[in-house]
Amino acid sequence: MNAIALPHPQRAQDIRQALEGLNASSADIEASALISIDGLLIDSVMPQGMDEDRIGAMSAALLSLGERTARELGRGRLERVLVQGENGYVIMTAAGEEAVLTVLTKAEVKLGLAFLDIKRAAQALSRLV
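Described below are features of the structure shown in this document. Numbers given to residues run from 1 along each chain, matching the order in which its sequence is written. Under the rules for a predicted model, residues below a pLDDT of 70 receive no local features and side-chain atom pairs below 80 are neither given nor counted, while totals for whole chains, interfaces and linings still include all residues. Excluding hydrogens and water, the side-chain figures rest on all heavy atoms present in the structure.

### Observations regarding the pairing of strand 1 (residues 29–36)
1) Next: For the exposure calls, accessible area comes from a 1.4 Å probe over protein chains only, and a residue counts as buried if that area is under 20% of its type's maximum, exposed if over 50%, partly exposed in between. Only DSSP runs of H or I with at least four residues qualify as helices, and only runs of E with at least two residues qualify as strands; both kinds are numbered from the N terminus onward. Burial analysis of strand 1 places seven of its eight residues in the buried class, which makes it a mostly covered element.
2) Next: Relative to strand 5 (residues 99–106), strand 1 is paired through seven bridges, and the arrangement is antiparallel. Each bridged residue has a counterpart across the sheet, and for Ile-29 the counterpart in strand 5 is Thr-105.
3) Next: One ladder, built from four bridges, connects strand 1 with strand 2 (residues 41–45); its direction is antiparallel. Of the residues in strand 2, the one forming a bridge with Leu-34 is Asp-43.
4) Next: A pair of strands is considered paired only if DSSP assigns at least 2 bridges between the two. Between strand 1 and the antiparallel strand that follows it, strand 2, lie four residues; Gly-39 among them carries a positive phi value of about 90 degrees.

### What to know about a negative patch on the surface
1) Next: Among the surface-exposed residues, Asp-38, Glu-67, Glu-97 and Glu-98 lie close enough to one another that they form a single negatively charged patch.
2) Next: Residue placement: Glu-67 occurs in helix 2 (residues 52–72).
3) Next: Of the residues examined, Glu-67 reaches a relative accessible area of 36% and is grouped as partly exposed. Excluding any residue in a salt bridge, patches collect residues exceeding 30% relative accessible area, merging like charges within 9 Å and nonpolar Val, Leu, Ile, Met, Phe, Trp and Tyr side chains within 5 Å. Areas reported here follow the Shrake-Rupley algorithm with a probe of radius 1.4 Å; residue values treat only the protein chains shown as occluding. Only one rule defines a salt bridge in this text: a Lys or Arg side-chain nitrogen within 4 Å of an Asp or Glu carboxyl oxygen. Two residue types count as positive, namely Lys and Arg, and two as negative, namely Asp and Glu; His and chain ends fall outside the count. Taken as the charge location is NZ of Lys, CZ of Arg, CG of Asp or CD of Glu.

### As for the pattern of salt bridges
1) Next: One pass over the structure, following the stated rule, counts three salt bridges.
2) Next: A salt bridge links Glu-72 to Arg-68, with the nearest nitrogen and oxygen atoms 3.0 Å apart. Here Glu-72 pairs with Arg-68, and both are found in helix 2, just four residues apart, close to one helical turn.
3) Next: Judged by relative accessible area, which is 55%, Glu-72 ranks as exposed.
4) Next: A relative accessible area of 48% means that Arg-68 is categorised as partly exposed.
5) Next: The network of salt bridges with common partners includes Arg-16, Glu-20 and Asp-43.

### Re the sheet that holds strand 5
Hydrogen bonds along the backbone pair up the strands of a sheet, which may run parallel or antiparallel.
1) Next: Strand order in this open sheet of five strands is 2-1-5-4-3, and the pairing throughout is antiparallel. Every interior strand has two partners, whereas the edge strands, strand 2 and strand 3 (81–85), have only one. The sheet shows a mean angle of 15 degrees between the axes of neighbouring strands, direction not considered.
2) Next: Contacts are assigned to residue pairs that have any heavy atoms within 4.5 Å of one another. Axis lines are fitted to C-alpha atoms, over the contacting stretch for helices. Their N-to-C directions set the angle, which ranges from 0 to 180 degrees. Sitting on the sheet, helix 1 (residues 9–24) touches strand 1, strand 2 and strand 5, and the angle it makes with strand 2 is about 40 degrees.
3) Next: Its contacts with the sheet put helix 3 (residues 111–126) on strand 1, strand 3, strand 4 (88–94) and strand 5, and the angle it makes with strand 4 is roughly 35 degrees.

### Remarks on the environment of Arg-80
1) Next: Mapped onto the elements, Arg-80 comes out in the loop between helix 2 and strand 3.
2) Next: What makes Arg-80 partly exposed here is its relative accessible area of 31%.
3) Next: The spacing of Arg-80 and Thr-102 is 22 residues in sequence and 9.7 Å in space, taken between C-alpha atoms.
4) Next: In this structure Arg-80 touches Ile-91, Met-92, Thr-93 and Phe-115, once residues within four positions along its chain are discounted.

Below, the structure written as structure tokens:
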């Protein structure tokens, strides 16, 4: 589902392929979404029933707050925001200056491997947005 128009159909297809590739990289990755820094969904690969608009708005807000927190507390440039719940993780990272990559994982995910896959996907997506 594209919530905002992308300038070129090939770019939209490349974004979708990057998200699908990330989801396929591990059975522990359940969903991923690319969201503009304004909180608008660019594209997602998520199970039915997830509120993509709500995920977009929360992701943009949390990443912005994380960046400010890291900066003001002297932690340097923000790498990721990690929310741990009893059923898994929400991991957010910047995908360039204009977008946020949000990933939902299972609780038993190997975080180091997930971080690596997410970082690679974010780098690829940053070249597309």
